[in-house]
Amino acid sequence: MASATRSERLNAAAGQQVQRVRDFVDDTEPAALIVVTLIAVSLLTAFVGFLAVSNLTVLPFLLFVAATGYGWARHQEETALILTLTMTVSTLLILGLIIVFIFRESIPVIQYETATVFGVRVPGLRMFLQPNWDAVSPPIRYSMVPMIHGTLLVTVIATAVAGPLGVAAALFLSEIAPAVVREFVKPGVEILAGIPSIVYGFIGFTILSPWASDQFQTTGQGSYLFVGIVVGLMALPTVVSVAEDALSSVPESMKSGSLAVGTTDWQTMTSITLPAAFSGVSAAVLLGVGRAIGETMAATVMLRGVPRLTEPLVNVFYGQETLTSLIARNYGEADGLQMDALFVAGVILFITVLVISIGAQYIEWRMRSKLGGEA
Amino acid sequence: MAGATRSRLVEGETTATDAVAGATVGLSAVLFVLAVAAMFERVSLTETIAGLPTVALLGGLLIALGVAVIVFGVGSRLGYVETEPDSSAGLIASFGAAVPWLVIGGGVASETLGLGVTGGAAGAVVVGGLAFVATAVPREDVGSTVPLGALLAFVGAVFLTGTIGPAWLWDLGWEQQASITAEFLVPAATLFCALYGGWAAAKAYGRFGARGRHMGAYVLVYLNALSIIGFLFVLIAFVVVRGLPGLLTGVQVGAGVGPQVFGSFELPVSLPFVMNGVALLNDFQGVLPAIVGTIWLVVGAVLFAVPLGVGAAIFLTEYAERGRFTQAVEVATNGLWSTPSIVFGLFGFAFLVPRFGNRKSLLAGMLTLGFMLLPLVLITSREAMLSVPDEYRDASAALGVSKWQTVRSVVLPAALPGVVTGVILGVGRIAGETAPILLTMAGGTFVPGAQTVDVVGGFEFTGSPPFVANPELLQATSALPYQLYALISAGVGLGSNVSDPTGFRWATALVLLVVVLSFYAIGIGARYYFRRQLRHE
């Protein structure tokens, strides 16, 4: 039943689209229509040519430029419409291309790492069943387990740093700080977001790592603990700015109502503002987690670059490798299966972060509809 | 709180009690500063401060702070101090007090008494549970002071009696060897104790109750904000101080010392670090190719992403009806925004590099960064266009002009400030990115000055398709963030090229920071300017 209504709805939607296109065709002069079609077709051809690595790509592209120029001069209205539409579609297209290309590159190694469980051959499973990464001496194995372990430890530590500090700073900015102070602190947080990750990594590498190695008397330098702290500081601005948006989207009337009953500012925050904005604040922390997972350069520079598990697993004073640093460190000398294995790491990163991003958007959307504010 | 008027209705006189509570807050601030200083080895644990051994001094101060907090709480309970406590300190305070006691109970039971993991867990639960009960059950003035005060006094006593002295060491006994040293534990414990003491003292200063909690929370929140800003300043100052000597090596000021620009005009300043490449015969080596590479990268990315992003934003806000399509684009844009930069690098490597002559090239780097910039431009432009009031559009439509004319002459100009600010901030972000260009564009560690890219002069026409070629665009080159990464990973091998490798690295970091932060400064300044203009209207 549900599927029937769903397909009916889809049909209706498609019908509407067809109707709109038909209206557009009816309302537009034939000359403009030809130009618009020419623009669309030539751009599509150019795109196909680019995908096929053709030297002739430039011909349809030149046609596109010419058609656009002519259309802009004679039928600006329609040309603008078709141009902005193609630009919108290309955003979707880029995401689609990323998915297609990084998946395609990772297929060989997924096939290589097939494992049999209960008589069923599952491609790629062996990468998650044993913790051994060895690209040189047989048996050649590309396990993702050590890197997933590293990414997990770093992300947990980074979230423990960025979550509480970020939410507290967001409360400060949105509810507590006097206007003058906010004018200084808010750009400060933005600038913090702007400091390049390689600079963090450089300071971590030259100052923090030797210091940590000395303090905890470890052999050699590089620990998940301090990579986690540095990455947490880098994720902090994301948490602050998203959480601040969520907190300030709580309607002023709710806060004033609470204050009018005679509560202190802090009571209003803990019993009205934070609960109302809770989902938005958790979305902020989630996005911070996404940033922490994807952080590359600081981890690459500060970690040891040996893909194996730490002993014991909770030993955060040693830092081996994360998914991101594996790619950044090994792309140079890798080829064949090893390069494909790097793409597997990329696929894991991409899917994880995409799921987190969509989850955060869903939470924010629910919060907005709950508070009844406009989008 | 925004919108609420601040006024102090009751202006109480400062009493002796206030003074004591205030002094206690001050004492915890002193301890906090001492702990931070000891953490970064500005204060040595083995030496003395004012004639006292550092650890003993910290211990003594902790005991004093703990006793002061307890005395305040008990005094309030017995009625010597006038306060307005609630019936209980509440769950958050109870958890806050339970956690450190949990750690202490576990540590003492498993290590000091040698009861092993099970005994440690039992000890942790018993001691932590006691602290929880001691905070949650009594009236607020006792509950929020006595367990914390006891914690401070306990830690202080451990330091003062020398149980944990400067030479204390706890080998964790792990396969990959690691130990907790006094060097780390003493400052860290002092730091947390100072925070707890300050929190309890601030509550007492606010006379407990709703006002006390307000005070306690505000102290922590203000401290947090202050630390973030302080961290930013320390970070920047650190890079500047370390980088300046390297940046200024061989600097000359005077007429005619600089390189020639625009034909014959000679700059009055010579700053070899940013004006030279690397060459065998140079007196001073520099990073000019990397700077020029960064500039061209940014130009290329902006040329690609800004028209695309702004166009898509126009379609989404002005033409499209809200529905599945716009929702899909929104989800895709936000997904692109959070995609890790290294994944963009992989994508560029798999998609762009084979299409531009199968090698790393400036063009591939530009487009990869353009892909990264696109979602930022789209999101900020969309926000700017959505914030243009509908009255503007209605008024324009009422004049009988077409939709595109409305967009072009009403919506775009009104949204321009937001778009420009967003683009500048986005550019600041991508200018510092290393990971994507690592896989798509970057070449060797040192690029000779002769290989500084000259994109404009590189265009040439050819007889066969694609008719236009630009070898400069199709060559690997360097950029500042990559240069810094290459300098770090090159390690010792650097010495043969550069006389002072460390100074060279820090100077590169400084130049990168200056380039990126100047984008941010311009962006933030532009926003400030536009906002003031709007207010004056």
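Residues numbered from 1 in each chain as written. Chains lettered and ligands numbered in written order. Predicted model: local features only at pLDDT ≥ 70, side-chain atom pairs only at ≥ 80, totals over all residues.

Observations concerning the overall build of chain B
Moving on, step 1. Helices and strands together make up the secondary structure of chain B, namely 18 helices and ten strands.
Moving on, step 2. A separation of at least 24 residues holds for 71% of the contacts in chain B among residues at least 6 apart in sequence. (Helix = DSSP H or I, 4+ residues; strand = E, 2+ residues; numbered from the N terminus. Contact = placed C-beta atoms within 7 Å.)

Quick look at the overall build of chain A
Moving on, step 1. Per the secondary structure count, chain A includes 15 helices and four strands.
Moving on, step 2. Relative to the 2.2 N^0.38 estimate, which gives 21 Å for 375 residues, the radius of gyration of chain A is 26 Å and therefore markedly larger than a compact globule would have.
Moving on, step 3. Each principal axis of the C-alpha atoms in chain A carries an extent, and together these give about 80 × 75 × 50 Å.
Moving on, step 4. By the burial criterion, 47% of the 375 residues in chain A qualify as buried.
Moving on, step 5. Contacts in chain A between residues at least 24 apart in sequence constitute 71% of all its contacts with a sequence separation of at least 6. (Rg over C-alpha atoms; globule rule 2.2 N^0.38 Å. Buried ≥ 20, exposed ≤ 12 C-beta atoms within 10 Å, placed from the backbone.)

A look at the environment of Gly 250 of chain B
Moving on, step 1. As for its placement among the helices and strands, Gly 250 of chain B is situated in the loop between helix H8 (209-247) and strand S5 (252-253).
Moving on, step 2. Residues Gly 250 of chain B and Gln 285 of chain B, spaced 35 residues apart in sequence, show a C-alpha to C-alpha distance of 9.7 Å.

Section: the interface of chain A and chain B
Moving on, step 1. The interface of chain A with chain B comprises 89 residues on the first partner and 81 residues on the second.
Moving on, step 2. Per-element accounting of the side of chain A that touches chain B gives the leading share, 19 residues, to helix H4 (residues 76-112) of chain A.
Moving on, step 3. A per-class count over the side of chain A that touches chain B returns 53 nonpolar, 28 polar and eight charged. (Nonpolar A, V, L, I, M, F, W, Y, C, P; charged D, E, K, R; others polar.)

Some points on the packing of helix H15 (residues 337-371) of chain A against helix H11 (residues 324-338) of chain B
Moving on, step 1. At a minimum axis separation of 9 Å, H15 of chain A and H11 of chain B run at an interaxial angle of 130 degrees. Between H15 of chain A and H11 of chain B, the crossing angle belongs to the class labelled oblique. As for the relative orientation of H15 of chain A and H11 of chain B, their crossing is right-handed in sense. For the pair H15 of chain A and H11 of chain B, contact is made by Val 353, Leu 354, Ser 357, Ile 358 and Gln 361 of chain A and by Val 331, Asn 334, Gly 335 and Ser 338 of chain B, respectively.
Moving on, step 2. For the contact of H15 of chain A with H11 of chain B, a count of residues per class yields four nonpolar, five polar and no charged. (Axes fitted to C-alpha atoms, helices over the stretch in contact; angles between N-to-C directions. Parallel < 35°, antiparallel > 145°, perpendicular 65-115°, else oblique. Left-handed = near helix turned anticlockwise from the far one by under 90°.)

Some details on the nonpolar core
Moving on, step 1. Counting residues in hydrophobic clusters, the biggest one holds 202 residues, and the most contacted among them are Val 230 and Ala 345 of chain A.
Moving on, step 2. Sorting elements by how many residues they give to this core places helix H10 (residues 288-319) of chain B first, with 18 residues.
Moving on, step 3. For Ala 345 of chain A, the contacting residues outside a window of four places in its chain are Met 144, Met 147, Leu 323, Leu 326 and Ile 327 of chain A.
Moving on, step 4. Ala 98, Val 127, Leu 160 and Trp 199 of chain B belong to the second-largest nonpolar core, a separate cluster that totals 55 residues. (Core = buried A, V, L, I, M, F, W, Y, C linked by C-beta atoms within 7 Å.)

Thoughts on unusual backbone geometry
Residues and elements named next belong to chain A.
Moving on, step 1. The peptide bond linking Glu 311 to Pro 312 adopts the cis configuration, its omega dihedral lying at -15 degrees.
Moving on, step 2. Here Pro 312 shows up in the loop between helix H13 (297-302) and helix H14 (323-330).
Moving on, step 3. Of note in the backbone geometry, Gln 217 takes a positive phi value of approximately 50 degrees without being a glycine.
Moving on, step 4. Mapped onto the elements, Gln 217 comes out in the loop between helix H8 (197-215) and helix H9 (224-248).

Focus on the packing of helix H12 (residues 341-352) of chain B against helix H13 (residues 362-386) of chain B
Residue and element names in this part refer to chain B.
Moving on, step 1. At a minimum axis distance of 10 Å, the contact between H12 and H13 shows a crossing angle of 135 degrees. Judged by the inter-axis angle, H12 sits oblique to H13. Crossing angle aside, the handedness with which H12 passes H13 is right-handed. Only Ala 364, Leu 367, Thr 368, Phe 371 and Met 372 of H13 make contact with H12, whose side of the interface consists of Ser 341, Phe 344, Gly 345, Gly 348 and Leu 352.

Some thoughts on the environment of Ile 176 of chain A
Residue and element names in this part refer to chain A.
Moving on, step 1. Here Ile 176 lies in helix H6 (residues 145-176).
Moving on, step 2. Look at Ile 176 and you get buried, because 20 C-beta atoms sit within 10 Å.
Moving on, step 3. Between the C-alpha atom of Ile 176 and that of Met 269, which follows or precedes it by 93 residues, the distance is 9.6 Å.

Focus on the domain arrangement of chain A
Moving on, step 1. By the assigned domains, chain A splits into domain 1 (2-100) and domain 2 (144-371).
Moving on, step 2. Here the C-alpha centroids of domain 1 of chain A and domain 2 of chain A sit 39 Å apart. (Domains from an automatic or database assignment.)

Focus on the confidence of the model for chain A
Moving on, step 1. Taken residue by residue, chain A gives an average pLDDT of 84. The fraction at 70 or more is 97%.
Moving on, step 2. Mean pLDDT across the secondary structure elements of chain A bottoms out at helix H1 (residues 2-27) of chain A, with 71, and peaks at H6 of chain A, with 92. (pLDDT = per-residue confidence, 0-100.)

Here we look at H9 of chain A
Moving on, step 1. Taking 1.5 Å as the rise per residue, H9 of chain A with 25 residues should run 36 Å; its terminal C-alpha atoms sit 35 Å apart, in good agreement.
Moving on, step 2. Most of H9 of chain A sits out of view: 21 of its 25 residues are buried. (Expected span 1.5 Å × (residues − 1).)

A look at the confidence of the model for chain B
All names here are of chain B.
Moving on, step 1. Chain-level statistics for chain B give a pLDDT mean of 81 and a share of 86% at 70 or above.
Moving on, step 2. Within chain B, the lowest mean pLDDT, 62, falls on strand S6 (residues 260-261), and the highest, 90, falls on H12.
Moving on, step 3. Quick note on the complex model: pTM equals 0.87, ipTM equals 0.88.

A closer look at the environment of Ala 37 of chain B
Residue and element names in this part refer to chain B.
Moving on, step 1. Position of Ala 37 among the secondary structure elements: in helix H1 (residues 16-39).
Moving on, step 2. In this structure Ala 37 comes out as partly exposed when scored by C-beta crowding, with 15 C-beta atoms within 10 Å.
Moving on, step 3. In this structure the C-alpha to C-alpha distance between Ala 37 and Pro 187, which are 150 residues apart in sequence, comes to 8.3 Å.
Moving on, step 4. In contact with Ala 37, other than residues within four places in its own chain, are Arg 42 and Val 43.

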